[in-house]
Structure formats: C-alpha cells, structure tokens
Amino acid sequence: MKMISEFRNLGKVKLLIKKINGLVKKDKIYRFMEVCGTHTMSISKFGIRSLLPENVELISGPGCPVCVTSQGEIDAVFDLIKENKPIIATYGDLLKVPGSSGDNLLKLKSLGYDIRTVFSPLDVIKMAKQNRDKSIVFLSIGFETTTPPSAALVKVLENETIDNVYLFVMNKTMPNILEFIAKQKIVKIDGFLCPGHVSVITGESLYLPLVDNGFACVITGFEPIDILLGIYKLIKQVNDGNYFVDNAYKRVVKSDGNKKALELMHEVFEESDSYWRGIGIVKDSGLKLREKYDRFDAVKKFNVFVDHKSEIKGCRCGEVLLGLIKPYECGLFENVCNPENPVGPCMVSSEGTCAAYYKYERKR
Ligand code: SF4
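Please read all numbers here as calculations on a predicted model, not as lab measurements.

**Digging into the overall build of the protein chain**
Reasoning step 1: Summing up its helical and strand segments, the protein chain has 17 helices and 11 strands in all.
Reasoning step 2: In summary, the protein chain has a C-alpha radius of gyration of 21 Å against a globular reference of 21 Å for 364 residues, a match within 12%.
Reasoning step 3: Across its three principal directions, the C-alpha atoms of the protein chain cover 65 × 45 × 40 Å.
Reasoning step 4: For the protein chain, with 364 residues in total, the buried portion stands at 56%.

Rendered as structure tokens:
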C-alpha cells in the first residue's frame, strides 16, 4: 500500500502538472498515443486528461488484446463450440465479448455449453487430467505479457503427454503494429506512452524503430505519477527534438526484458501475419504454433473456418482502436452500447477504451 500511495501523492501530482504546464509550447499541439489498455483505464480512472494543458492530447491505441481480436476469430470460436461441444477454458475478459450473431460465452454457458474461466493457462492442466474423455480448448489471447504462460502450457502438454487440450491461438505482438501505426501515419502523433506490461517481457529495444522514425517513446507504469512523468518526458523529447527510448518504469522493466519468457515464447510460437480489428492484416504481428506443436492447434484439429470479413454492424471499435474517433463519437455509445448490453468488444474488456470512457468520462 505504501508503494501505491507514493505514486498517487497529491503534492507530487500537482508538482508534475505545474512542470508540464511550464514545459509545453503554447503554439504547438502535442499528441501522444497510450498503447496499453491498462494505461487507457488508468488515464480515465484518475482523470489525467482533465489535468493536462488543452494542447496535450492523449489518444488510445490498439493495446487491448480482446478489442483487437478480429470478429472472424470470435465468431469462429462460437462455431467451434456449437459444432464440437468441447470444454472451453478462457480468461474472464472474453466472457461477454459479442459475436456478430449476438452470442457471447456467458450466453452459451447458460445454454449448457461447458465454458470455464481460468486465471492461468496452467489451470487447464488439472482440468485436462480430470476430463480425459473430453476435448478442452484454451482460448489463448494476449500480447507478449500473456503469451509466455500459453507457451508454458504447451510445454507441459508435451512433457506430460496430455492429448486432449488444444489452443485457439489469437495472440499478437507489439513491434509490427506500432511500426505500422508510425509509418502509415493513420493518426497524427508525436510519441508513444509505451506499454509497461509488454515491456517487462520485451525490454526497451522494441521501441527503437519508433525513435528512429522520429517518435518520442517513454515506457511507464500505471499510477498517476508514472503516467504524468511519462507525459512530461514525452513533451521534453518533442521539444528537444531528441528521441530515445526512455525507461521511466525501471522498478519493473529491465532494459533487456525477461529473456527466459521470450525464449519460451519463441520456442513454442512463431510469427505470422495477423488480422487486427479495424486495421486488417499486419505482417508478422501475430503468433502461431510452430509446426512441431501443430497437434495442439484447435483451428486445425476442429477444421475451423475464420472469416475475417465478419463485423458487427454499427460498431466503430476499429476507429476507436486507431485513435481516429473518441468512443462518444460512436452513435451507439451509452444508449445502445453499454457494459450491460455491449455491442463491441471495446465496451466489454476491462482494458477497452469504450468501457473506460463509459465508466469514467461520460458527459453527464
Ligand atoms: Fe463499438 Fe460500442 Fe464502442 Fe461503439 S461504443 S465503438 S458500438 S464498443
């Protein structure tokens, strides 16, 4: 608790706001993308936007793994469940994600399908041993932070010759999507508030191509002091025209990341092209099981068809994920789409931008 209170200290917050105000040039607009969904939530929760000068804008990026998963993959999961009736092991964040037909995992569970929430992929091992006569599909989703535990699951399946567990792999990685955003210049930004959780695994080098392309980069944590310090450092890099990867989260992020976790991830998975909601296919921005582990691939085992063109009518998650619109600019926000009745994944996930705006930044 002492640690957290230190990073929420009101006096320090006021001091940082004063320093930010002293640093900004009045004739310039500063736009920074916070990549991580947890940053998005913290920024909304602590009212960070309202504390900043008017010419400093924070734009939410594609850092919520549930939100960026293609509608086609979500729909394919539901098809797999209905046709094959396996036990589904999933993180809680996916339970209310809507399919294009209006299904979600909770609804399917209420209809009798066997949907179980897990806190770690390794929970699946016990489940598999207790249900030898059934197939279990683990919905593997997430960025570099949550992929190593999925890789660990595959290694245990291999070592313990467990043959009734399959992974529906929807994992993505950060480097190529960030480069894509930077190079395509879809949205005008000066720099990135780099994701602290992902950086724990990848280390600092992930962001070097961004600074080489003239973007400020600061890795930071999730408390108000962390975020404000990150913004202060971003503004300073822009003012100085001196771009580098500044690690402002050294209490957690080592410069070379977590090598063991990376090795494990690369041993089990290899890069593949991946479809991002609202963006389309981004080269080598996703992961698939290496050929050696093909037998654990749920898509192959159950011969699942993924239609990436599938989408939910009226939902503008894709534009929200690229920072092209704010959630309240979607016509469905609040009245039609809300956490009780979510239309798109950005309203469902605990890291979703629409969920963050609905919970903390609604204009009342
Ligand atoms: Fe999609 Fe709902 Fe967000 Fe609109 S408010 S973009 S429908 S999740």
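**Side note on the sheet that holds strand β3 (residues 87–90)**
Reasoning step 1: Here four strands make up an open sheet; going across it, the order is β4-β3-β5-β6 and the pairing parallel. Whereas interior strands pair on both sides, the edge strands pair on one side only; in this sheet they are β4 (115–117) and β6 (165–169). Sheet twist, expressed as the mean angle between neighbouring strand axes with direction ignored, is 25°.
Reasoning step 2: Where β3 lies against strand β5 (residues 136–140), three bridges are found, and the strand directions are parallel. Note on β5: the bridge partner recorded for Ala89 is Phe138.

**Concerning the side chain of Ser60**
Reasoning step 1: As for its placement among the helices and strands, Ser60 is situated in strand β2 (residues 56–60).
Reasoning step 2: One polar contact links Ser60 to Glu34, side chain to side chain, over a distance of 2.7 Å.
Reasoning step 3: With residues near it in sequence (within four places) discarded, Ser60 still touches Met33, Glu34, Thr40, Val320, Leu321, Leu322, Gly323 and Thr353.

**Section: the environment of Gly344**
Reasoning step 1: The topology assignment puts Gly344 in the loop between α16 (317–321) and α17 (353–360).
Reasoning step 2: In this structure, the C-alpha to C-alpha distance between Gly344 and Lys18, residues 326 residues apart in sequence, is 38 Å.
Reasoning step 3: Residues within four places of Gly344 in sequence aside, it is in contact with Pro98, Ile312, Cys315, Cys317 and Cys337.

**Examining the domain arrangement of the protein chain**
Reasoning step 1: Assigned domains within the protein chain: domain 1 (1–306) and domain 2 (314–356).
Reasoning step 2: Computed over C-alpha atoms only, the centres of domain 1 and domain 2 are separated by 18 Å.
Reasoning step 3: Each partner contributes to the roughly 2000 Å² buried at the junction of domain 1 and domain 2, and carbon and sulfur atoms together form 65% of this total.
Reasoning step 4: Three residues stand out in domain 1 for area buried against domain 2, namely Met41, Cys67 and Lys96, and they jointly supply 25% of the buried area on that side.
Reasoning step 5: Across the contact surface, domain 1 and domain 2 share one salt bridge.
Reasoning step 6: A salt bridge links Glu57 to Lys326; its shortest N-O distance comes to 3.3 Å.
Reasoning step 7: Scanning the region where domain 1 abuts domain 2 turns up five residue pairs in polar contact (both at pLDDT 80 or more).
Reasoning step 8: Broken down by secondary-structure element, the contributors of at least two residues to the side of domain 1 that touches domain 2 are α3 (37–45), β2 and α5 (65–68).
Reasoning step 9: With five residues, the top contributor of residues to the side of domain 1 that touches domain 2 is α3.

**What to know about the pattern of salt bridges**
Reasoning step 1: As enumerated under the stated definition, the model contains 19 salt bridges in all.
Reasoning step 2: Here Asp114 and Arg116 are joined by a salt bridge, their closest N and O atoms 2.9 Å apart.
Reasoning step 3: A relative accessible area of 27% means that Arg116 is categorised as partly exposed.
Reasoning step 4: Lys233 is the partner of Asp246 in a salt bridge, and the nearest nitrogen-oxygen pair spans 3.1 Å. On the criterion of sequence distance, the pair formed by Asp246 in strand β9 (residues 245–247) and Lys233 in helix α13 (residues 224–240) is long-range, its members being 13 residues apart.
Reasoning step 5: Residue class for Asp246 comes out buried when judged on its relative accessible area of 12%.
Reasoning step 6: A single salt-bridge network, built from bridges that share partners, covers Lys28, Lys188 and Asp190.

Criteria and cut-off values
Residues numbered from 1 in each chain as written. Predicted model: local features only at pLDDT ≥ 70, side-chain atom pairs only at ≥ 80, totals over all residues. Heavy atoms only, no water. Helix = DSSP H or I, 4+ residues; strand = E, 2+ residues; numbered from the N terminus. Rg over C-alpha atoms; globule rule 2.2 N^0.38 Å. Buried < 20%, exposed > 50% of the residue type's maximum accessible area, 1.4 Å probe, protein only. Pairing = 2+ DSSP bridges. Axes fitted to C-alpha atoms, helices over the stretch in contact; angles between N-to-C directions. Polar contact = N/O pair within 3.5 Å; in protein donor to acceptor, adjacent residues only side chain to side chain. Contact = heavy atoms within 4.5 Å. Domains from an automatic or database assignment. Buried area = accessible area lost by both parts, 1.4 Å probe. Salt bridge = Lys/Arg side-chain N within 4 Å of Asp/Glu carboxyl O.

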